[in-house]
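Descriptive structure summary
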Amino acid sequence: MQSSQRRNIGIYPEIKHSTHFEQLGLKMEELVVNTFHENGYRGFEAPVYIQSFEVSNLKELRTLTDLKLLQLYESDVTLRPADQIARNTNLTYAKMLTPEGLKEVSKYANAVGPDKSLIIPRNNDNTLGEPTSFVADAHNAGLQVHPYTFRAENDFLPKEFKSDDSDSSRNARGNLKGEIEAFIAAGIDGLFTDNPDVPVILRGKCSNN
């Protein structure tokens, strides 16, 4: 766990397409856990989250390790996780984001990772709208909330945080700090970003990291 920087390094891997690889005979959950354990990452306090858009593999991981787990959510909540499609269940992400659904998720996961629009949706003019109850509902279920993905380019930012709204400046950098501050105010506990320098600066100024 010690790096050349002489500090613990956190790791946040995603197990992708778990059901697909299991069907190919390439099941990976136990291999992932063993790799972590063999390298000193053990227990709830280890700086690790394992994330997945599927459900059954996270439930299996909970039986194999005490490392922290995160349930990812698709932005289109009408979809079903791939493993639920394979098992022919009717479980959708929409059902998983209700207060009752989040309580079920908390039985196997420590955190949830929604598309950020599930926390603060965009208005028709691409400005930020009012926060939903997602964060409060997740916290009431004992889950942390780590939305994705925050990017600094104008193309990804709400209108009020763009440095320029013209087509020619889509890749120019806007006010990512302002957007992240709005989500911190909404109560998030962490986030995924392509620009980690911005939340690192904010980390020392806010109670949430």
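Residues numbered from 1 in each chain as written. Predicted model: local features only at pLDDT ≥ 70, side-chain atom pairs only at ≥ 80, totals over all residues. Heavy atoms only, no water.

1. A closer look at the packing of aromatic side chains
The geometry of two aromatic rings is summed up by the distance between their centres and the angle between their planes. On inspection of all chains with the given rule, the structure shows seven aromatic pairs. Both rings, one in Y73 and one in Y93, keep their centres 6.0 Å apart while their planes meet at 50°; by these two values the pair is tilted. Residue Y73 is found in the loop between β2 (68-72) and α4 (82-86), and its partner Y93 is found in helix α5 (residues 93-96); the two are separated by 20 residues along the sequence. Like Y93, Y73 is buried. An aromatic cluster of at least three residues, connected via ring pairs, comprises Y12, Y49 and F192. The positively charged end of K68 is found above the aromatic ring belonging to F44, 5.1 Å away from the centroid. Over the ring of F156 we find R151, and its NZ or CZ is 4.9 Å from the ring centre. (Phe/Tyr/Trp six-rings, centres within 6.5 Å; stacked < 30°, edge-to-face > 60°. Helix = DSSP H or I, 4+ residues; strand = E, 2+ residues; numbered from the N terminus. Buried < 20%, exposed > 50% of the residue type's maximum accessible area, 1.4 Å probe, protein only. Lys NZ or Arg CZ within 6 Å of the ring centre and 35° of its normal.)

2. Some details on the UniProt feature "domain: GP-PDE" (unreviewed entry) in the protein
Here, UniProt's "domain: GP-PDE" (unreviewed entry) annotation points to residues 25-197. Across residues 25-197 one finds 31% helix and 8% strand; the C-alpha atoms that close the span lie 40 Å apart. (UniProt positions renumbered as here; feature names shortened; annotations may be inferred.)

3. A closer look at the nonpolar core
The biggest cluster of nonpolar side chains holds 43 residues, and the ones touching the most others in it are I50, Y73, L102, V105, V112, I119 and F134. With four residues, the single largest contributor to this core is helix α8 (residues 176-185). Once residues lying within four places of it in the same chain are set aside, the contact partners of V105 are Q71, Y73, M96, V112 and L143. (Core = buried A, V, L, I, M, F, W, Y, C linked by side-chain atoms within 4.5 Å. Contact = heavy atoms within 4.5 Å.)

4. So, unusual backbone geometry
Backbone torsion omega between Y148 and T149 reads -25°, so that peptide bond is classified as cis. Phi angles above zero are rare outside glycine, and H17 is one such case at about 55°. Here H17 lies in the segment before α1 (18-23). For H17, a relative accessible area of 54% puts it in the exposed group. In this structure, N126 takes a positive phi of about 70° despite not being glycine. Within the fold, N126 resides in the loop between β3 (111-113) and α7 (134-140). Residue N126 is classed as partly exposed on the basis of its relative accessible area, which comes to 28%.

5. Focus on helix α3 (residues 56-64)
Along α3, the residues that are buried comprise N57, L58 and L61. End-on view of α3: buried residues confined to an arc of 100°, all on one side of the axis. On its buried face, α3 sits against α1, α2 (29-38), β1 (49-52) and β2. (Arc of directions from axis to C-beta.)

6. Section: the pairing of β1
Side chains Y49 and Q51 of β1 all project onto a buried face; the interleaved residues I50 and S52 project onto the opposite face, where all are buried too. Bridge analysis of β1 against β2 gives four bridges, and the strand direction is parallel. Note that in β2 the partner of S52 across the bridge is Q71. Each parallel crossover has a hand, and the one from β1 via α3 to β2 is right-handed. (Pairing = 2+ DSSP bridges. Right-handed = clockwise from strand over helix to strand, strands pointing away.)

7. Considerations on the side chain of D83
Within the secondary structure layout, D83 lies in helix α4. Buried and unpaired, D83 has R87 as its nearest opposite-charge partner, separated by 4.5 Å. Not counting the four nearest positions on each side in its chain, D83 is found in contact with T19, E54, V55 and S56. (Lys, Arg positive; Asp, Glu negative; His and termini not counted. Salt bridge = Lys/Arg side-chain N within 4 Å of Asp/Glu carboxyl O.)

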